[in-house]
Amino acid sequence: MSSSFSFDIQHRDSDTLARTGHLHTAHGSVRTPAFVGVATRATIKALEPQALMDLGLQIVISNTYHLHLQPGEDIVAGLGGLHGFSGWNRPTMTDSGGFQVFSLGASKEHGVGKVASIFPGDATAPAKPKLRPAKPLVGLTEKGVDFRSVIDGSPHTFTPESVITIERKLGADIILPLDECTSPLHDHAYTKRSMERTHRWAQRGLTAFQLLKDDATFPNLHQALYGIVQGGAYEDLRLESARVIGNMAFDGIAVGGSLGCSKTDMWHVLDWTIPLLQDGQPRHLLGIGEIEDLFMCSARGIDTFDCAAPTRLARNGSVFLKGAPRHRINLRNAQYIRDDGPIDPHCDCFTCQNHSRAYLRHLCRAGEFSFYRLATLHNLRFLVRLMADIREAIDDSRLTGLARDWGFNL
Ligand SMILES: [Zn+2]
């Protein structure tokens, strides 16, 4: 659809569905599989764009909901779109904002926070309900969704058409249409109705996108639009959604929504969905990207992932280290008080080259801003290097062996 957007597959792993490839966009190429950094408000928390480029991050995803509320898409468009506005000149994505709109509704409705609700039955997921003080629920109709701003309570409406216009103004290279993100606690009947509406919205979003395709008043004329497969953790619905969305004229496919109550449920959703998708299209997994996921989902044929957890963990003192429990250590722990070694002796990041665990622990416990930056630098560089290792393993058809080396059975 877009003249400068394309995806090519370079190599396929012999034992799994993993593949390496290149996503080509108007702002450069992304080697896949790739981790997509979460720059919700046009920045990754605690790091400026130049630092992200220096550590090798290839692509970021920003959030339509938050940028619509602040500073507003017209401000961003007037300053050259997300690329001109932020100074990040590499590929970008924006999500539709549907997840934010509906996760607020779900958190009120079911008493689970939007993070915890991804896998509410998973013993390893944070279980503490995080009720938001926001006054209202969302108002959902066939036309779209009414909601109130989390910033000031002001009323807003998203329709499939208005979200495409907002995203055209933001100007990311890859954009997503409005979808309803159901909670894992919604039943089959509700999830089915919601999915069918999301399919109608997908077609409306696609039509709006095609109408605006050649409008040179938008900052990026070469955007790609991905469709979103929904259907909760229900096999029949996921199969139907994969067929319906997969047959529309999207440039790629994102797997979204509730992926069930555990990681096992998520593997099932991918096992059902991926074989039905067009092989040559790029596939994105929304909101998933723990270390285990990077292996398990690459092996199932996912090309890109985004997840806020690695940077959120960093700000909480939890930094990646291969071989530690869950491949991370918490610098708040007393055992690091006199530890003069780096977080990871094998890491080439600025933090590991220059600072000790003892110093970082001090900054963390003192609540110094520099800690957020240094810890985030390490976790992102760690993932950039891990994804490079995963791509190399796929190219050599030894992904299963690399996963085993990290303690995961594909
Ligand atoms: Zn490091």
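Refer to the preceding data block for the structure.
Report follows, based on the coordinates. (Residues numbered from 1 in each chain as written. Predicted model: local features only at pLDDT ≥ 70, side-chain atom pairs only at ≥ 80, totals over all residues. Heavy atoms only, no water.)

1. Let's talk about helix α7 (residues 188-211)
Now for step 1: Along its 24 residues, α7 runs 35 Å from first to last C-alpha, staying within 8% of the 34 Å computed at 1.5 Å per residue.
Now for step 2: Within α7, the full set of buried residues consists of Thr191, Ser194, Met195, Arg197, Thr198, His199, Trp201, Ala202, Gly205, Leu206, Ala208 and Phe209.
Now for step 3: The residue sitting at the N-terminus of α7 and contributing the capping side-chain oxygen is Asp187; that oxygen lies 3.3 Å from the backbone nitrogen of Ala189. (Helix = DSSP H or I, 4+ residues; strand = E, 2+ residues; numbered from the N terminus. Expected span 1.5 Å × (residues − 1). Buried < 20%, exposed > 50% of the residue type's maximum accessible area, 1.4 Å probe, protein only. Polar contact = N/O pair within 3.5 Å; in protein donor to acceptor, adjacent residues only side chain to side chain.)

2. Description of the environment of Thr273
Now for step 1: Tracing the sequence through the fold places Thr273 in helix α9 (residues 263-273).
Now for step 2: When the C-alpha atoms of Thr273 and Ala242 are compared, they prove to be 5.8 Å apart, with 31 residues separating the residues in sequence.
Now for step 3: Within the structure, the side chain of Thr273 is placed 2.6 Å from the backbone oxygen of Val269, a separation counted as a polar contact.

3. Side note on helix α10 (residues 291-299)
Now for step 1: Buried residues dominate α10, accounting for 8 of its 9 residues.
Now for step 2: All buried positions along α10 are accounted for by Ile291, Asp293, Leu294, Phe295, Met296, Cys297, Ser298 and Ala299.
Now for step 3: Positive backbone phi, at 95°, marks Gly301, one or two positions downstream of α10.

4. Quick word on the packing of aromatic side chains
Now for step 1: In total, this model carries 8 aromatic pairs according to the counting rule given.
Now for step 2: The interplanar angle of 35° and the centroid separation of 5.4 Å between the aromatic rings of Tyr65 and Phe147 together place this pair among those described as tilted. With Tyr65 in helix α2 (residues 64-69) and Phe147 in strand β8 (residues 145-148), the pair connects residues that are 82 residues apart, well separated along the chain. An identical accessibility class is assigned to Tyr65 and Phe147; each is buried.
Now for step 3: Measuring from centroid to centroid gives 5.9 Å for Phe382 and Trp406, while their planes differ by 75°, and the two rings are edge-to-face. Placement of the pair is Phe382 in helix α14 (residues 369-395) and Trp406 in the segment after α15 (399-405), with a sequence separation of 24 residues. Comparing Phe382 with Trp406, the two get one shared label, buried.
Now for step 4: Three or more aromatic residues link up through ring pairs in this structure, and these residues are Phe295, Phe320, Phe382, Trp406 and Phe408. (Phe/Tyr/Trp six-rings, centres within 6.5 Å; stacked < 30°, edge-to-face > 60°.)

5. Some thoughts on the coordination of the zinc ion
Now for step 1: Taken together, the protein ligands of the zinc ion are Cys347 (SG), Cys349 (SG), Cys352 (SG) and His378 (ND1), with distances of 2.1 to 2.3 Å.
Now for step 2: In the primary structure, the donors to the zinc ion are separated according to the pattern C-x1-C-x2-C-x25-H. Note on accessibility: Cys347 and Cys349 belong to one class, buried. (Donors = N, O, S within 2.8 Å, 3.2 Å for Na, K, Ca; no water.)

6. Points about the pairing of strand β11 (residues 224-229)
Now for step 1: Of all 6 residues in β11, 6 are buried, a share of seventy percent or more.
Now for step 2: The alternating pattern of β11 places Ala224, Tyr226 and Ile228 and Leu225, Gly227 and Val229 on opposite faces, both of which are buried.
Now for step 3: By the bridge criterion, 2 bridges tie strand β10 (residues 174-175) to β11 in an arrangement that is parallel. Note that in β11 the partner of Ile175 across the bridge is Leu225.
Now for step 4: Direction of pairing for β11 relative to strand β12 (residues 252-255): parallel, over a ladder of 4 bridges. (Pairing = 2+ DSSP bridges.)

7. Examining the nonpolar core
Now for step 1: Among the nonpolar cores identified, the biggest contains 99 residues, and Leu57, Phe158, Leu285, Ile291, Phe295, Cys297 and Ile390 are the most heavily contacted of them.
Now for step 2: Considering every element that reaches this core, the biggest residue donor is α14, with 13 residues.
Now for step 3: In this structure, Cys297 is in contact with Met266, Trp267, Leu270, Leu285, Ile288, Ile302 and Phe305, ignoring residues within four places of it in sequence.
Now for step 4: Phe5, Ala34, Met93 and Leu286 belong to the second-largest nonpolar core, a separate cluster that totals 17 residues. (Core = buried A, V, L, I, M, F, W, Y, C linked by side-chain atoms within 4.5 Å. Contact = heavy atoms within 4.5 Å.)

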